[in-house]
Amino acid sequence: MATLARPARDASATVPMRPELRRRQRRNLRAALLFILPWIIGASIFTVWPILYSGYLSLTDYDVINAPEFIGLDNYRRLLSDEKIALSLFNTAYYTVLLVPAQILFSLALAMLLNEAGRSSSFFRTAFYLPNMTPPVAVGILLLLLFNGQQGLINMALGWVGIDGPNWTTDGPWIKPGLILMGLWSVGSTVIILLAALRNVPAELYDSAKVDGANWWQRTMKVTVPMISGTIFFLVIVNTIAGLQTFTEAYTAFFGAGTYSNEAALFYAIYLFQQAFEFLNMGYASAMAWLLFVIIMIITGIQFLVSKRLVFYEGDDK
Amino acid sequence: MTSASTGGTSITANPAAEAALKAELQPPIRKFRPDRSKRSLPVKIAIGFGLVAFSVLFIYPFIWLISASFKPRGEVFDNKLIPDTFTWENYIRVWQEAPLALWILNTLIVTVLAAVSVTVSSAMVAWGFSYFRFKGRSALFGVVLATMMLPGAVTMVPVFLIWNSLGQVGTLTPLWAANLFGSAFYIFLLRQFFLGLPRSLFEAARVDGANNWAIFSKIAVPLCKPAIIVTLIFEFQASWTNLMAPLIYLRDSETFTIPRGLKALLDQFGFGGNLNWEIVVTASVITTLPMIILFFVAQRHFVEGIATTGVKG
């Protein structure tokens, strides 16, 4: 029966056709390669070679001016003893672990609200997406202004309900929560993706759930969430990777000229950037980049394993 | 999610995207549309209230920023929406303090070149991967997907060294030229669209004598207009807002792009001791407006594009 599945190929593979077919295949391959060529060139120069070279650099001491000096695993040993590595990893983990679930839950709430909106939804969609169109540098500036301790809008609003707000932008423990709140402000694209997923849930499922007497909360938990779990998983992974590499807003707001020691906002990507381009420790920075790569691989791997149990794909008959 | 990118943009996504996106792209059985007529009044009011409250939350900072840009120095932080003293002075001063026109021009050059080159090259590559069938195609495409996983940080230093050895550090070239070779994320996105086109169309064109390039440029690309527009806008946005690459590659204030320039203004006027926040605020408004205008112009394409591709920008 298996042969029936590919009659066309068997027919064309009869003996007289073969040279013609081979010529066609060769032409086909040549045309395909011409189209793909830009990527092959680009990936060789800007991805493959950099990966290899960065691996080599991570074993050297290199300051751009003098030739790289091979020092074996010293950079990796230094990673283990560098307190700022530990600090920046802690800051990054703190930020990502709190931000990603908050982003997903907040976006889901907004997407469900949008899904209920009628004709006015395009206005609200635009409103929610607006912060994503703002340059992250400007978001960093907004953060400094809105979260300012004395005159900032946030503390003024907190004052209305009788809360004496902290000094978000200078008080160490409050810097990351402020950044997380700012991160929640830019959930627009996550909202739109979730909205698209919500719209693809088959209506029959809601109808039958209603017939079975499920209330709104039960329908949400038993129909909506499982049906969009694939999209949620995708967003969790993408947002986690983005969170681990967060740079611009924190760098803008907390690393001004001459202030290179704002420890509460020292994220891994910022420290890596400083090592590479401010202190010119290219070798050490390369080792840092590899550590980040390994961490991202491990976290993504774990997320995949966990998702196997939690994510439901349509047509998945296991 | 512009990642730590050097020379162009590398968007870090994940092969997991494939599964999720495939699920998105399957035609829905019957789209779920809530039945609004049966809803009780309190529920309607609650939904409306929620939407309005959240949109105020999202829009308010912009209004606050715009209003602050019209306030004189000591009043920037007074949190009033309508300035006590209305002044254009900040807008005049910011042009005197910073070569804003040059920054905008630099940014436009970089963003247009970056967006156009990445779109053209990614579309070509995506076409190569979707139309032709050849040995090793899926393996090679697997490599494309794998490069999306790589954090920009790993390639950042060597790519800098490449541009350095070519004498391009300090120029705008490293900010866009790598885009001439396509980008994995857009290749993936466009390939999804190309795969959705009916093959019979291309066979018909071939019978009519169209060559490979004609089939690609005259038939496939026009049919994928939404995806092409989304790619253009995504890259335009990524490039317009990118800070890290300009921090790495640009040296003189004359070559700065807007984010790099804003950062310089913030260092000079915000942190620099004299706390002229009104300058920074006004520059933020000026640099945000073009993106907002672009978004309003392209909103339909944009939101539709994201909705149909289910892709994050």
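Values in this document were obtained by computation on a predicted structure and should not be read as measured data.

## Some points on the UniProt feature "transmembrane region" (unreviewed entry) in chain B
Residue and element names in this part refer to chain B.
Step number 1: According to UniProt, the feature "transmembrane region" (unreviewed entry) maps to residues 41–63, 100–127, 139–163, 175–194, 215–234 and 279–298 in the numbering used here.
Step number 2: Counted over residues 100–127, helix gives 100% and strand 0%. Its end C-alpha atoms are 40 Å apart.
Step number 3: When the span residues 279–298 is considered, its composition is 100% helix and 0% strand, and the gap between its end C-alpha atoms is 30 Å.

## Here's the deal with the domain arrangement of chain A
You'll often see interface size given as the accessible area lost when the parts meet.
Residue and element names in this part refer to chain A.
Step number 1: The assigned domain composition of chain A is domain 1 (19–70) and domain 2 (83–310).
Step number 2: Summarising the inter-unit geometry, the C-alpha centres of domain 1 and domain 2 are found 34 Å apart.
Step number 3: Counting residues at the interface gives ten residues for domain 1, matched by eight residues for domain 2.
Step number 4: Both sides of the domain 1 and domain 2 interface together cover about 640 Å² of buried area, and 64% of this is carbon and sulfur.
Step number 5: Between domain 1 and domain 2 we count zero salt bridges in total.

## Some words on the domain arrangement of chain B
Residues and elements named next belong to chain B.
Step number 1: What the domain assignment reports for chain B is domain 1 (40–87) and domain 2 (98–307).
Step number 2: Across the contact, nine residues belong to domain 1 and eleven residues belong to domain 2.
Step number 3: Each partner contributes to the roughly 770 Å² buried at the junction of domain 1 and domain 2, and carbon and sulfur atoms together form 75% of this total.
Step number 4: Ranking the residues of domain 1 by area buried against domain 2 places Leu65, Ser69 and Arg73 at the top, with a combined share of 55%.
Step number 5: Linking domain 1 to domain 2 there are zero salt bridges.
Step number 6: Counting every contact that joins domain 1 to domain 2 gives zero residue pairs in polar contact (both at pLDDT 80 or more).
Step number 7: Of the residues in the side of domain 1 that touches domain 2, the class split is six nonpolar, one polar and two charged.

## Some thoughts on the nonpolar core
All names here are of chain A.
Step number 1: By size, the foremost hydrophobic cluster in this structure holds 148 residues, and its most contacted members are Leu179 and Phe247.
Step number 2: By residue number, the principal contributor to this core is helix 4 (residues 83–116), which donates twelve residues.
Step number 3: Not counting residues within four places of it along the chain, the set of residues in contact with Leu179 comprises Tyr95, Leu143, Glu249, Ala250, Phe254, Ala265 and Phe267.

## Overview of a nonpolar patch on the surface
Step number 1: Taken together, the side chains of Val294(A), Ile298(A), Ile302(A), Val306(A) and Leu310(A) define a hydrophobic patch exposed on the protein surface, amounting to about 460 Å² of accessible area.
Step number 2: Under the relative-accessibility criterion, Ile302(A) is labelled partly exposed at 47%.

## Focus: the interface of chain A and chain B
Step number 1: If you look at the interface, chain A gives 110 residues, while chain B gives 103 residues.
Step number 2: Buried area between chain A and chain B, summed over both chains or domains, comes out near 9,500 Å², and the portion from carbon and sulfur atoms is 78%.
Step number 3: The largest contributions to the chain A side of the interface with chain B come from Phe35(A), Trp39(A) and Met133(A), which together make up 9% of the buried area.
Step number 4: Between chain A and chain B we count zero salt bridges in total.
Step number 5: Here the side of chain A that touches chain B takes 20 residues from helix 2 (residues 18–57) of chain A, the largest share from any one element.
Step number 6: In the side of chain A that touches chain B, the residues fall into 80 nonpolar, 24 polar and six charged.

About the cut-offs
- Residues numbered from 1 in each chain as written.
- Chains lettered and ligands numbered in written order.
- Predicted model: local features only at pLDDT ≥ 70, side-chain atom pairs only at ≥ 80, totals over all residues.
- Heavy atoms only, no water.
- UniProt positions renumbered as here; feature names shortened; annotations may be inferred.
- Helix = DSSP H or I, 4+ residues; strand = E, 2+ residues; numbered from the N terminus.
- Domains from an automatic or database assignment.
- Contact = heavy atoms within 4.5 Å.
- Buried area = accessible area lost by both parts, 1.4 Å probe.
- Salt bridge = Lys/Arg side-chain N within 4 Å of Asp/Glu carboxyl O.
- Polar contact = N/O pair within 3.5 Å; in protein donor to acceptor, adjacent residues only side chain to side chain.
- Nonpolar A, V, L, I, M, F, W, Y, C, P; charged D, E, K, R; others polar.
- Core = buried A, V, L, I, M, F, W, Y, C linked by side-chain atoms within 4.5 Å.
- Buried < 20%, exposed > 50% of the residue type's maximum accessible area, 1.4 Å probe, protein only.
- Patch = residues over 30% accessible without salt bridge, like charges linked within 9 Å, V, L, I, M, F, W, Y side chains within 5 Å.
- Areas by Shrake-Rupley, 256 points an atom, 1.4 Å probe, with all protein chains shown as cover.

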